[in-house]
Amino acid sequence: MSPTTGSTAAQRTAHLYDRVRHVVPEVEWPFFAEDIEAILRLKAERNAVVLAHNYQTPEIFHCVSDIVGDSLALAREAQDVEADVIVLAGVHFMAETAKLLNPERTVLIPDLRAGCSLAESITAADVRELRRQHPGVPVVTYVNTSAEVKAESDVCCTSGNALRVVESLGTDRVIMIPDEYLAQNIARQTSVDVITWPGHCEVHERFGADDIRHLRATHPDAVVLAHPECPPDVVAEADLAGSTAQMLDFVVTRRPRQVALVTECSMSDNIAAEHPEVEFVRPCNLCPHMKRNSLATIRRSLETMTNEVTIDPAVAVRARAAVERMLAV
């Protein structure tokens, strides 16, 4: 395809298709092109940017997003956004975090149903009860939580910086919520006693150690990278455990011939789009919440300026402090 004057949307966006041609069949592109073109126009009209998590599909990740990354990267980059409007292509807690760091800007989430099993596993009342049971023990809260839960916490963390955050507190014991597996995997790397909470990611909890052993039997040359939200026995079977940003860095710098990313499926697609020389084995699971984002919902969000994320100011002040303490580590 090549763009021409008076051409179709698919032809006019052919330069963007080049970014994803290794993972998006050409026959599908005309179905994406009109929405992509409209989103690019609306971003200019609204002075808007799109922030997209690594689990977004390639046509979102590579073709309409201005800032991409894991939860930590999006939180950091959100601080420096100069646009009037931020569209968060991810899940609700990510949009809340962007709003916490940009209280004067309009933050939109394309679909209010884009939630998170981890965020739903714990409430602010649960955190207060944990503090009552363990007086004086600091609370480290994964960013995959609501603003209300963050507001009850001492400091936030992501899968990429959790160990640094835990050890930065200088205490012998911490409460780490809500992901039980992430907390257990961090506990194996530190002498700090970690009190856990029984929350799990519905994507990563479905992986088992047998899955990894089967993968090795069928693909003996594959390097296996697991997300630390996976159960500890899965992490133990992997060659490396790390956040999505750490997985990306490994693939880009090491260029393994064959690799398996034990995480959400779109992660492999997004890296493969830029690194077709790497063969991706895909023992992945889909996140139903991440997949509520689409080009159509992002376009509608910008057209109608919905759905706007709001946070109670009293909650926001305390939650913002926990996020900013994380960013300072």
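Figured I'd write up the structure that's included with this text. (Residues numbered from 1 in each chain as written. Predicted model: local features only at pLDDT ≥ 70, side-chain atom pairs only at ≥ 80, totals over all residues. Heavy atoms only, no water.)

Within the secondary structure, asparagine 102 sits in the loop between α6 (92-101) and β4 (106-108). Exposure remark for asparagine 102: the relative accessible area of 1% places this residue in the buried category. In terms of polar contacts, asparagine 102 uses its side chain to reach the backbone carbonyl oxygen of alanine 78, at 2.7 Å. Not counting the four nearest positions on each side in its chain, asparagine 102 is found in contact with Ala78, Gln79, Val81 and Ile86. (Helix = DSSP H or I, 4+ residues; strand = E, 2+ residues; numbered from the N terminus. Buried < 20%, exposed > 50% of the residue type's maximum accessible area, 1.4 Å probe, protein only. Polar contact = N/O pair within 3.5 Å; in protein donor to acceptor, adjacent residues only side chain to side chain. Contact = heavy atoms within 4.5 Å.)

Turning to the pairing of strand β11 (residues 258-262), a few remarks are in order. Where burial is concerned, most of β11 is hidden: 5 out of the 5 residues are buried. In β11, alternate side chains face the same way, and those of Gln258, Ala260 and Val262 on one face and Val259 and Leu261 on the other are all buried. In the sheet, strand β9 (residues 223-226) pairs with β11 via 4 bridges, with the strands oriented parallel. Residue pairing for β11: alanine 226 is matched across the bridge by valine 262. Relative to strand β12 (residues 279-281), β11 is paired through 3 bridges, and the arrangement is parallel. By the bridge assignment for β12, glutamine 258 is matched with glutamate 279. For the crossover from β11 across helix α14 (residues 265-274) to β12, the handedness is right-handed. (Pairing = 2+ DSSP bridges. Right-handed = clockwise from strand over helix to strand, strands pointing away.)

A pair of packed helices is captured by two measures, namely the crossing angle of their axes and the spacing between those axes. Direction vectors running N to C along helix α3 (residues 29-46) and helix α15 (residues 295-304) enclose 30°, while the axes themselves pass 9 Å from each other. Taken as axis vectors, α3 and α15 run roughly parallel relative to one another. When the axes of α3 and α15 are compared, the crossing they make is left-handed. For the pair α3 and α15, contact is made by Phe32, Glu34, Asp35, Ile36, Ala38, Ile39, Leu42, Lys43 and Arg46 and by Leu295, Ala296, Ile298, Arg299, Leu302 and Glu303, respectively. Along the lines of polarity and charge, the residues of the contact of α3 with α15 split into 9 nonpolar, no polar and 6 charged. (Axes fitted to C-alpha atoms, helices over the stretch in contact; angles between N-to-C directions. Parallel < 35°, antiparallel > 145°, perpendicular 65-115°, else oblique. Left-handed = near helix turned anticlockwise from the far one by under 90°. Nonpolar A, V, L, I, M, F, W, Y, C, P; charged D, E, K, R; others polar.)

Our next topic: the pattern of salt bridges. With the rule as written, the count across this model stands at 21 salt bridges. The shortest N-O distance in the salt bridge between glutamate 34 and arginine 299 comes to 3.9 Å. Remark: arginine 299 occurs in helix α15 and glutamate 34 occurs in helix α3; sequence separation between them is 265 residues. Since its relative accessible area comes to 52%, glutamate 34 is described here as exposed. Three or more residues joined by partner-sharing salt bridges are found here, namely Glu34, Asp35, Arg299 and Glu303. (Salt bridge = Lys/Arg side-chain N within 4 Å of Asp/Glu carboxyl O.)

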